[in-house]
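Per-entry structural report
Now for the letters of each chain:
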Amino acid sequence: MEKIDILSLNLEELEEKLAEIGEKKFRAKQIFKWLHERRVFDFDEMTDISVQLRCKLKEEFCANRLFIQKKLESSIDNTVKYLYRLSDGNFVETVLMEYNYGHSICVSTQVGCKMGCRFCASAIAGFVRNLEPSEILMQIYETEKNAGVRVSGVVLMGIGEPLDNYSNVIRFLELLSHKDGNNLSLRHVSLSTCGIVPKIYELSELRLGLTLSVSLHSADNDRRSEIMPVNRTYNIPLLIKACRDYIDKTGRRITFEYAVIDGVNSSDADADRLSALLRGINCHVNLIPVNKVKERNYSTARRGVENFANQLKKRGINATVRRTLGSDIEAACGQLRRDAGLKYKNNDLNGGADN
């Protein structure tokens, strides 16, 4: 019998499962707190629960753990990048970042990515599967345990497209913010999407309070389709309409991510188009120097990014250049997983971390 992934259950579902095995529903809150507040995943260590119930839990449930396969620590800014091995031998990446206000974590939502953005390393190794809510959540729990910190902000901007794994991501957010568990306000969460328009509308209806970050990368429809295949299905006018709806319904400002690529989207004419597109929208533009990916020939000169930021500001657009973190440890999404997929593909994956 396949065991139930207990870390992906919300409190109500856990109550139902316990009732099915003849236990009182109130036990669910005890177990939920052990898992999500105290971060205890061994049922034998849940000491205020009877031995009989602990035995039942071991028979019916499992805790979907992650394992550190590789850990890279930046000597520049204390950024830490984890390559986590999943129970099926696949890999995902997680990045822990240190700021003046505390620690933020960037988590993955899929093993690989289907979106095929031309400048991104995540899609190169291919799409395998969606992550379960527990596998997204455990990137936070395992990282906090290993680093000895508590994160105050979460960014869904790692490997994968969050809105392509919509139901699991929404469940993850529910678990992350539950008052009887981790209890993190979703105002400290940012979700990044390449622009799956129907799901943006669905997300807006939930009014979760999180920050929506939209990967735009060009204000020219044809050019965006070249570098972001998703634009061939959900073009810029459709995307901007959905973004306006999100702002109207949630009252939240949107961040537009814009990777500045020399010779592709960084001219003064590009600044004109972007400014015209975003004028009047409650938004912020986050300019990103492109990370070097050996399979791609895109590049960014730091001076070019700063110049583009100045051009936008002259046109009345609120824009900043993203701080580069972990540049000495390949902290860009997908690079570590891609290399690990080649290195470990035919190896025995039961050997533990390669730190």
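Above this text is the structure in question.
Bear in mind that the values here come from a model prediction, so they are computed numbers and not experimental data. (Residues numbered from 1 in each chain as written. Predicted model: local features only at pLDDT ≥ 70, side-chain atom pairs only at ≥ 80, totals over all residues. Heavy atoms only, no water.)

If you tally the helices and strands in the protein, you get eleven helices and 14 strands. Across the 355 residues that make up the protein, the buried fraction comes to 55%. Restricting the contact set of the protein to residue pairs at least 6 apart, pairs at least 24 apart contribute 67%. Surface exposure of the protein reaches about 15,700 Å², of which carbon and sulfur atoms provide 46%. (Helix = DSSP H or I, 4+ residues; strand = E, 2+ residues; numbered from the N terminus. Buried < 20%, exposed > 50% of the residue type's maximum accessible area, 1.4 Å probe, protein only. Contact = heavy atoms within 4.5 Å. Areas by Shrake-Rupley, 256 points an atom, 1.4 Å probe, with all protein chains shown as cover.)

Close contact between helix α4 (residues 133-147) and helix α5 (residues 166-177) brings their axes to 8 Å; oriented N to C, the two are set at 45°. Compared by their axis directions, α4 and α5 come out oblique. Where α4 crosses over α5, the two elements pack in a sense that is right-handed. Taking contact as the criterion, the partners of Pro133, Ile136, Leu137 and Ile140 in α4 are, on α5, Asn168, Val169, Arg171, Phe172, Leu175 and Leu176. Each residue belonging to the contact of α4 with α5 can be placed in one class, and the counts come to eight nonpolar, one polar and one charged. (Axes fitted to C-alpha atoms, helices over the stretch in contact; angles between N-to-C directions. Parallel < 35°, antiparallel > 145°, perpendicular 65-115°, else oblique. Left-handed = near helix turned anticlockwise from the far one by under 90°. Nonpolar A, V, L, I, M, F, W, Y, C, P; charged D, E, K, R; others polar.)

A separate point is the environment of Lys314. With respect to the helices and strands, the residue Lys314 is situated in helix α10 (residues 302-314). Separated by 43 residues in the primary sequence, Lys314 and Ala271 have C-alpha atoms spaced 9.8 Å apart.

Before going further, it helps to spend a moment on α5. Here α5 is twelve residues long and its end C-alpha atoms lie 17 Å apart, about the 16 Å a rise of 1.5 Å per residue gives. For α5, the set of buried residues is Tyr166, Asn168, Val169, Arg171, Phe172, Leu173, Leu175 and Leu176. (Expected span 1.5 Å × (residues − 1).)

Turning our attention to the packing of helix α1 (residues 11-20) against helix α2 (residues 27-36). Running from N to C, α1 and α2 point in directions that differ by 125°, and their axes come no closer than 9 Å. Put simply, α1 runs oblique to α2. Considering the relative orientation of α1 and α2, their crossing is right-handed. In this structure, α1 uses Leu11, Leu14, Glu15 and Leu18 to contact α2, whose residues at the interface are Arg27, Ala28, Lys29, Ile31 and Phe32. The class makeup of the residues in the contact of α1 with α2 is six nonpolar, no polar and three charged.

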